[in-house]
Amino acid sequence: MKTEEINGATVETWDVAEVAAALKANEIVLIDVRTPQEYMFEHIEGALLMPMAFFDATKLPGQGEKRIVLHCGSGVRSGKMAQAALAAGFDRIAHMDGGFGAWKAAGQPYMGTDMATGAPKRVPAS
């Protein structure tokens, strides 16, 4: 994990392996900041959706028991939303380096769409 201090607050950048392990151990709340369309097409199972266009850091859950980790498609939008969370008063927030693209490239499982039926389907780890 990389950390960056900004005006006394911390942005953590987690790699895919760290996020996968913490998600499996139920230690984090993973929040997807991509569009609803991106999320519906494919997403990390268990991730909550708070699209960047409607992102309101004041509505994020507290981090008393679980760290919040944001993610997007590449890590750019989640990095911006991490900054927004700091501006809203969070003293520590995390986001996933490389986003969903890195998650898929690492062979992690996710929910996809069956192109023949349009139904959701689990895409297992590779």
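Higher on the page you've got the structure.
Residues numbered from 1 in each chain as written. Predicted model: local features only at pLDDT ≥ 70, side-chain atom pairs only at ≥ 80, totals over all residues. Heavy atoms only, no water.

Attention now goes to the sheet that holds strand 5 (residues 67-71). Read from one edge of the open sheet, 6 strands run 1-2-6-5-3-4, paired in mixed fashion. Since the sheet does not close on itself, it has two edges, and those belong to strand 1 (2-6) and strand 4 (48-49), each with one partner. With 2 bridges connecting them, strand 3 (residues 28-32) and strand 4 associate as parallel partners. Bridge assignment links I31 to a residue of strand 4, and that residue is L48. Against the sheet, helix 3 (residues 76-87) makes contact with strand 1, strand 2 (9-14), strand 5 and strand 6 (92-96), and its axis sits at roughly 175° relative to strand 6, the strand it touches most. (Pairing = 2+ DSSP bridges. Helix = DSSP H or I, 4+ residues; strand = E, 2+ residues; numbered from the N terminus. Contact = heavy atoms within 4.5 Å. Axes fitted to C-alpha atoms, helices over the stretch in contact; angles between N-to-C directions.)

Okay, helix 3 next. Between the first and last C-alpha of helix 3 there are 17 Å, a value that for 12 residues agrees with the 16 Å anticipated at 1.5 Å per step. Burial in helix 3 covers these residues: S78, G79, M81, A82, A85 and L86. For helix 3, the arc enclosing every buried residue in end-on projection is 165°, short of the 170-degree limit, so these residues lie on one face. Of the exposed residues in helix 3, the ones pointing more than 90 degrees away from its buried face are V76 and A87. Those residues of helix 3 hidden inside the fold are in contact with strand 1, strand 2, strand 5 and strand 6. (Expected span 1.5 Å × (residues − 1). Buried < 20%, exposed > 50% of the residue type's maximum accessible area, 1.4 Å probe, protein only. Arc of directions from axis to C-beta.)

Another point: the nonpolar core. In terms of nonpolar packing, the biggest core is built from 19 residues, with I31, F55, L60, L70 and I93 touching the most fellow members. Of the residues forming this core, the biggest block, 4 residues, is contributed by helix 3. Of all hydrophobic cores here, the second largest spans 16 residues; its members include V16, A22, A47 and F100. (Core = buried A, V, L, I, M, F, W, Y, C linked by side-chain atoms within 4.5 Å.)

What follows is about unusual backbone geometry. Backbone geometry places N7, a non-glycine residue, at a positive phi of 50°. Counting through the fold element by element, N7 comes out in the loop between strand 1 and strand 2. With relative accessibility at 80%, the residue N7 sits in the exposed group. Unlike most non-glycine residues, N26 shows phi in positive territory, near 60°. Summarising the element assignment, N26 is placed in the loop between helix 1 (16-24) and strand 3.

Once that is clear, we can look at the packing of aromatic side chains. Taken as a whole, this structure holds 1 aromatic pair when the rule is applied. On the numbers, 5.4 Å between centres and 85° between planes, the contact of F100 with Y110 is edge-to-face. Of this pair, F100 sits in helix 4 (residues 99-105) while Y110 sits in strand 7 (residues 110-113); the two residues are 10 residues apart in sequence, bridging distant segments of the chain. What makes F100 buried here is its relative accessible area of 4%. On the accessibility criterion, Y110 (15% relative accessible area) is buried. (Phe/Tyr/Trp six-rings, centres within 6.5 Å; stacked < 30°, edge-to-face > 60°.)

What follows covers the environment of A106. As for its position among the elements, A106 is in the loop between helix 4 and strand 7. Taking relative accessible area as the criterion, A106 reaches 46% and is therefore assigned partly exposed. Sequence separation between A106 and K80 is 26 residues; the distance between their C-alpha atoms is 23 Å.

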